[in-house]
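Here's the letter readout for the chains.
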Amino acid sequence: MHKVAVGTVDWNARREDFPILHEQAHGHPLIYFDSAATSQKPRPVIEALRNFYEHDNANVHRGLHTLSSRATEAYEKARQRVAEYIGAASADEIIFTRGTTESINLVAQAWGGKFIREENVILLTGMEHHSNVVPWQLLAERIGARLRFVPVLDDGTLDLDQLPSLLTPEVKLFAFTHISNSLGTINPVAELCAKAHAVGALTLVDAAQSAGHMPIDVRELGCDFLAFSGHKMCGPTGIGVLYGRAEVLDSMPPWHGGGEMIVSVALEKSTFKKAPHRFEAGTPNIAGAIGLAAAIDYIEHIGRPAIFEHDSQLARYAAERIKELPGIRVFGPKEERGALVGFVMEAAHPHDLTTFADQYGLAMRGGHHCNQPLMRRFGVSGTTRASFYFYNMMEEIDRMIEILHAAARFFK
Amino acid sequence: MEIEELYQEVILDHSRRPRNFGELPDAAVLVHGDNPACGDEIHLAVKFDPDGGLEDIKFTGHGCAISQASASLMTMKLKKKSREEVMGMLRAFHDLVTDETNDASKALGDLRVMQGVRKFPQRVKCAMLPWRAVEQALEQGAGEATVSTEPS
Ligand SMILES: Cc1ncc(COP(=O)(O)O)c(C=O)c1O
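Predicted model, so just to flag it, every value in this text is computed and none were measured. (Residues numbered from 1 in each chain as written. Chains lettered and ligands numbered in written order. Predicted model: local features only at pLDDT ≥ 70, side-chain atom pairs only at ≥ 80, totals over all residues. Heavy atoms only, no water.)

Novice: Whenever I open this one, the packing of helix H4 (residues 83-98) of chain B against helix H5 (residues 124-140) of chain B confuses me. Can you help?
Specialist: All names here are of chain B. Interaxial distance between H4 and H5 falls to 11 Å at its minimum, and their mutual angle equals 165°. Looking at the two axes, H4 sits roughly antiparallel to H5. Crossing angle aside, the handedness with which H4 passes H5 is left-handed. Residues Arg83, Val86, Met87, Met89, Leu90, Phe93, His94, Val97 and Thr98 of H4 touch H5, and the partners they reach there are Val124, Ala127, Met128, Trp131, Arg132, Val134, Glu135 and Leu138. Residues belonging to the contact of H4 with H5 are distributed by class as follows: 12 nonpolar, 2 polar and 3 charged. (Axes fitted to C-alpha atoms, helices over the stretch in contact; angles between N-to-C directions. Helix = DSSP H or I, 4+ residues; strand = E, 2+ residues; numbered from the N terminus. Parallel < 35°, antiparallel > 145°, perpendicular 65-115°, else oblique. Left-handed = near helix turned anticlockwise from the far one by under 90°. Contact = heavy atoms within 4.5 Å. Nonpolar A, V, L, I, M, F, W, Y, C, P; charged D, E, K, R; others polar.)

Structure, rendered in structure tokens:
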């Protein structure tokens, strides 16, 4: 039996923090290998939500009563907690959103709408999630600007040799993912940011797959924007973060209008608050922000370096073992990879394979993973993806391999 | 075990060796059916007899076992059927794969092996894709058309 030995973390005890992992599916113990889609939630996060609704619930920044002050304080403390978590200089650089997708749309509309001109280029990569493609297509179409894409090599890494010809002075923004949600590729963020800045472009990092899995320091990375979702890092759904460097946020107009974001409203014209409140119109997801702060506390208690090491071991082990299967193609880099493995089995379409696996309690994802251009690049309509988090165990991967062998026999 | 109920031997056989798979050079209608959520594709070619019935029907495409087997079984069943028979079968097949309380209509014959799909709601679209294509072919009558399980 393979054991993951990282530091002194008691991984079995951490697993016990997740009540849902005791669930069964079709009479089998649940094996949850779909954390890249959304992670499960530990008890402290579930309790933080409950605690908020049972004791502190009120609207923020509005009432002058006790509960409203408590809710406001907890909400703003959560912002501070997020700032510390990603090494932001100030909590004013943290905007709460619904998730990665909304964060990127905010940048495309508020920043892009003001600063992108017809002659400009937005540089993306061939491995972006649809949420880091479509907002830019909408913007480019509206303004007449162009998109460019850094190609992906066969091994799942970016073709950085192409960068000099792509990253030209017309490029105003380079937006790319930290970790690919289909390939597991970990991109060299600091290097890419430095190169972008050298031609005067700003950078946006899609940290959806990395924020809960590895240490992130926005000042070390040198990015201007960073987007992530709470639900992929032990937090609730419906809460996410946009980090923006203070100077950049201050240059941006609002995107949504409404309450909370204004200083004063006259019938013809309003004046707006400063960042981050300028970008948070209406009642925010207060409980969500508090739940996200609880998730951060929980993750930090374990430690992100230990989580990264644990998840990488699982992913490397899974990639190795999956290769044992007949007619198999594994995607993504050989060496370093994030906490997931994408593959196709000749005998079984990804949807047949995931339906089959589900009958044995194994939850994986089959399909294009919101990465249609990338799937096309690799000549497949979809893949099967097993994705991991620190509550997964080597034994579960061994069980997955057994189930995949059974599927290969069944569909052959 | 539900998995064998879904993937009956007949279905696996049709997905591995689809019948009526290939081009139909003198087809009257060609319908490109697409299930974007899964990436399933069916290209259905139909030739009509003078009364508007299905003289011949063939398909190409790729996708999951359910969509490909459904297309294969469907083409076998619908060849030489009148318009009315096809429309009746379409309704009966839809009930078969969606309605838990439905007693599989005898008229469906072999197609009844697809009944297991009703326990897998996410796979109904896969099974229905070729039927959506044939419905479109009847409506269209001539030329080329596209049909999607996710209308845009
Ligand atoms: C790399 C990447 N970017 C963006 C997203 C979108 O995240 P969300 O749906 O939480 O907005 C995801 C998750 O689906 C992702 O994996």
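Here the narrative resumes.
Novice: What exactly am I supposed to notice about the side chain of Arg15 of chain A here?
Specialist: Considering the arrangement of structural elements, one finds Arg15 of chain A in helix H1 (residues 11-16). Excluding its chain neighbours within four sequence positions, the residues that come into contact with Arg15 of chain A are Leu21, Leu30, Tyr391, Asn392, Met393 and Glu396 of chain A.

Novice: How do you make sense of the environment of Ala13 of chain A when you look at a structure like this?
Specialist: Along the chain, Ala13 of chain A falls in helix H1. In the structure, Ala13 of chain A is positioned 378 residues away from Tyr391 of chain A in sequence and 9.1 Å away in space, judged by C-alpha atoms.

Novice: What should I look at first to understand the interface of chain A and chain B in this one?
Specialist: Bring the parts together and some accessible area is lost; that lost area is often taken as the interface size. Across the boundary between the two partners, chain A contributes 13 residues, which contact 20 residues of chain B. Residues Arg123 of chain B and Asp352 of chain A are paired through a salt bridge, measuring 2.9 Å at the closest nitrogen-oxygen approach. Our count for the contact surface shared by chain A and chain B stands at 8 residue pairs in polar contact (both at pLDDT 80 or more). When residues of the side of chain A that touches chain B are traced back to their parent elements, those giving at least two are helix H12 (350-358) and helix H14 (394-411) of chain A. A total of 4 residues in the side of chain A that touches chain B trace back to one element, the largest contributor, which is H12 of chain A. Of the residues in the side of chain A that touches chain B, the class split is 3 nonpolar, 8 polar and 2 charged. (Salt bridge = Lys/Arg side-chain N within 4 Å of Asp/Glu carboxyl O. Polar contact = N/O pair within 3.5 Å; in protein donor to acceptor, adjacent residues only side chain to side chain.)

Novice: Sorry, what's going on with the pattern of salt bridges here?
Specialist: Any two side chains of opposite charge can pair, on the condition that their charged atoms come close. Residues and elements named next belong to chain A. Under the definition given, this model contains 30 salt bridges over all chains. The partner of Asp297 in a salt bridge is Arg81, with the nearest N and O atoms 2.5 Å apart. One end of the pair, Asp297, is in helix H10 (residues 286-302); the other, Arg81, is in helix H3 (residues 66-85), and 216 residues separate them in sequence. Looking at Asp297, the relative accessible area reads 40%, which means it is partly exposed. Between Glu102 and Arg98 there is a salt bridge; the shortest N-O distance is 3.1 Å. The class for Arg98 is exposed, based on a relative accessible area of 60%. Put simply, Glu76, Arg79 and Glu280 are held in one network by salt bridges that share partners. (Buried < 20%, exposed > 50% of the residue type's maximum accessible area, 1.4 Å probe, protein only.)

Novice: Looking at this structure, how should I read the domain arrangement of chain A?
Specialist: Residues and elements named next belong to chain A. Looking at chain A, the domain boundaries give domain 1 (11-32 + 303-411) and domain 2 (46-301). Relative placement of domain 1 and domain 2: their C-alpha centres are 28 Å apart. Counting residues at the interface gives 33 residues for domain 1, matched by 34 residues for domain 2. Carbon and sulfur atoms make up 56% of the area that domain 1 and domain 2 hide from each other, which totals about 2,600 Å². In terms of surface lost to domain 2, no three residues of domain 1 exceed Arg304, Leu374 and Tyr389, which account for 27% of the buried area on that side. On inspection of domain 1 and its partner domain 2, the count reaches 2 salt bridges. Ionic pairing is found between Asp154 and Arg377, a salt bridge with its closest N-O pair at 2.7 Å. At the junction of domain 1 and domain 2, the tally comes to 20 residue pairs in polar contact (both at pLDDT 80 or more). Listing elements by their share of the side of domain 1 that touches domain 2, those giving two or more residues are helix H11 (304-322), strand E14 (340-345) and helix H13 (372-377). Its residues placed into classes, the side of domain 1 that touches domain 2 shows 17 nonpolar, 8 polar and 8 charged. (Domains from an automatic or database assignment. Buried area = accessible area lost by both parts, 1.4 Å probe.)

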